[in-house]
Every structure is written in C-alpha cells, then in structure tokens.
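What follows is the residue order along each chain.
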Amino acid sequence: KQALRSLQTYEQELRMLQSANENSEKKTREHKSDIERLQSEIAENKKQQEMVSQQILDQQKKVSQSPEGENRTMEEKKLKQLEKDKRRLEKDKDSKESDIEVREIANLRMDKSIKENTNTVIPQKQEQIGYQQNIVSDIKKKLAGIR
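Residues numbered from 1 in each chain as written. Predicted model: local features only at pLDDT ≥ 70, side-chain atom pairs only at ≥ 80, totals over all residues. Heavy atoms only, no water.

A. Seen up close, the overall build of the protein chain. The helix and strand tally for the protein chain stands at two helices and zero strands. Taking 147 residues into account, the globule formula puts the C-alpha radius of gyration at 15 Å, and the protein chain, at 32 Å, lies well above it. Judged by the C-alpha coordinates and their principal axes, the protein chain covers about 110 × 20 × 15 Å. The 147 residues of the protein chain split such that 25% are buried. Partitioning the intrachain contacts of the protein chain with sequence separation of at least 6 by distance along the chain shows that 83% fall at a separation of at least 24. Element-wise, carbon and sulfur atoms account for 49% of the exposed surface of the protein chain, whose accessible area totals about 11,100 Å². Here the protein chain contributes 32 positive and 28 negative side-chain charges, whose respective centroids are spaced 7 Å apart. (Helix = DSSP H or I, 4+ residues; strand = E, 2+ residues; numbered from the N terminus. Rg over C-alpha atoms; globule rule 2.2 N^0.38 Å. Buried < 20%, exposed > 50% of the residue type's maximum accessible area, 1.4 Å probe, protein only. Contact = heavy atoms within 4.5 Å. Areas by Shrake-Rupley, 256 points an atom, 1.4 Å probe, with all protein chains shown as cover. Lys, Arg positive; Asp, Glu negative; His and termini not counted. Charge placed at Lys NZ, Arg CZ, Asp CG, Glu CD.)

Written out as structure tokens, the structure is:
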C-alpha cells in the first residue's frame, strides 16, 4: 500500500508541475498582451506631452505679452494648469514604463521556471514514477505468488 501511495503522490506532483507550467505560460501571454497595450498607451502619452509642451510655450508667450493685471493673472493660471497637466502625463508615462518592467521581469522568471520544469524536474519526476511503477508491479507479483 505504501508503494502505491508513493506512486500516486509522484503522479500528483507531476500533474502539479505540468499545471504550473501551463499557468505560467498563460500568465506570460497575458503579460505580453499587457506590455503591448502599455507601449501603445505610452506612445499616445508622448504625443499628448508634445502637444501640451507646445501649448505651454504658446501660453508662456501670452503671459509675457500680457500687461500686469487681471488678464495676466488669468493667463498665468492657464500656464500653471498646463504645466500641471504635463507633470501628470510624465508621471503616468513613468508608471506605465515601470509596469512594463515588472511584467518583463516576471516573464523572465516564469520562462526560466518553465524551462527548468520541462528540462529537469518533469523528466526526473517521470523517472521516479517509472521506478515506483516497477516497485508496485513487483509487489503485486509477489502478492499474487503468495495467494
């Protein structure tokens, strides 16, 4: 019975390894899709930053050409808002770049794990199962001989 339990344990461990590989492959595909989406969003963000940068330059001219007073104060407020918008875009871009880096690192780790499981751990487990199957078979033959 112990030999059979060991065999079942090895088989369950093998299934868990195979399942872990499948889950890692699925997660890697999801990360790649996320990375593509984030790269697209970063490209769009850069375009928006360029646009806002131009608006800032235009607004700086307006501020410098406006006489002191209420109108100039209003133009300065517009300038400050544009600068704030640009900082928000820069922060958003940095965040997306960081998200990409995290996903790329995770993918490298999962790829390494998949490779190790596929090339080393799974074959060793299959070898263990084969060995244990022989033990179980020998025990069954001995039991049949006793009966």
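B. Spotlight on the side chain of S24. Inspection of the secondary structure puts S24 in helix α1 (residues 2-65). Here S24 is in contact with M110 and I114, once residues within four sequence places are set aside.

C. Just the pattern of salt bridges, in detail. Within this structure, the stated rule accounts for 11 salt bridges. K125 serves as the salt-bridge partner of E13, at 2.4 Å between the closest nitrogen and oxygen. Of this pair, E13 sits in helix α1 while K125 sits in helix α2 (residues 70-146), and the two are 112 residues apart along the sequence. Relative accessible area serves as the criterion here: at 29%, E13 is assigned to the partly exposed category. Of the charged contacts in the structure, one is a salt bridge between R37 and E41, with a shortest N-O distance of 3.1 Å. Linking R37 with E41, this pair stays in helix α1, spanning four residues, or about one helical turn. (Salt bridge = Lys/Arg side-chain N within 4 Å of Asp/Glu carboxyl O.)

D. View of the nonpolar core. Grouped together as the largest cluster of nonpolar side chains are eight residues: A3, L7, Y10, L14, L17, I122, I129 and V136. Of all elements in the fold, only α1 and α2 reach the threshold of two or more residues within this core. It is α1 that contributes the most residues to this core, five residues altogether. Those residues in contact with L17 that sit more than four places away from it in its chain are N117, V121, I122 and K125. In this structure, V52, I56, V63 and L82 belong to the second largest nonpolar core, which totals six residues. (Core = buried A, V, L, I, M, F, W, Y, C linked by side-chain atoms within 4.5 Å.)

E. Here's a closer look at a nonpolar patch on the surface. There is a patch of nonpolar side chains on the surface, built from I139, L143 and I146 and spanning about 290 Å² of accessible area. The residue I146 is located in helix α2 in this model. (Patch = residues over 30% accessible without salt bridge, like charges linked within 9 Å, V, L, I, M, F, W, Y side chains within 5 Å.)

F. Region of the structure containing α2. Taking 1.5 Å of rise per residue, the 77 residues of α2 would be expected to cover 114 Å, and the 107 Å separating its terminal C-alpha atoms lies within 8% of that figure. Along α2, the sharpest change in direction is near 45 degrees and occurs at N117. (Expected span 1.5 Å × (residues − 1). Bend = angle between axes of the 7 residues up to and from the residue.)

G. Inspection of the packing of α1 against α2 at higher detail. At a minimum axis distance of 5 Å, the contact between α1 and α2 shows a crossing angle of 165 degrees. It follows that α1 is roughly antiparallel to α2 by the angle criterion. In the packing of α1 onto α2, the handedness of the crossing is left-handed. Taken together, the residues of the contact of α1 with α2 break down into 25 nonpolar, 23 polar and 25 charged. (Axes fitted to C-alpha atoms, helices over the stretch in contact; angles between N-to-C directions. Parallel < 35°, antiparallel > 145°, perpendicular 65-115°, else oblique. Left-handed = near helix turned anticlockwise from the far one by under 90°. Nonpolar A, V, L, I, M, F, W, Y, C, P; charged D, E, K, R; others polar.)

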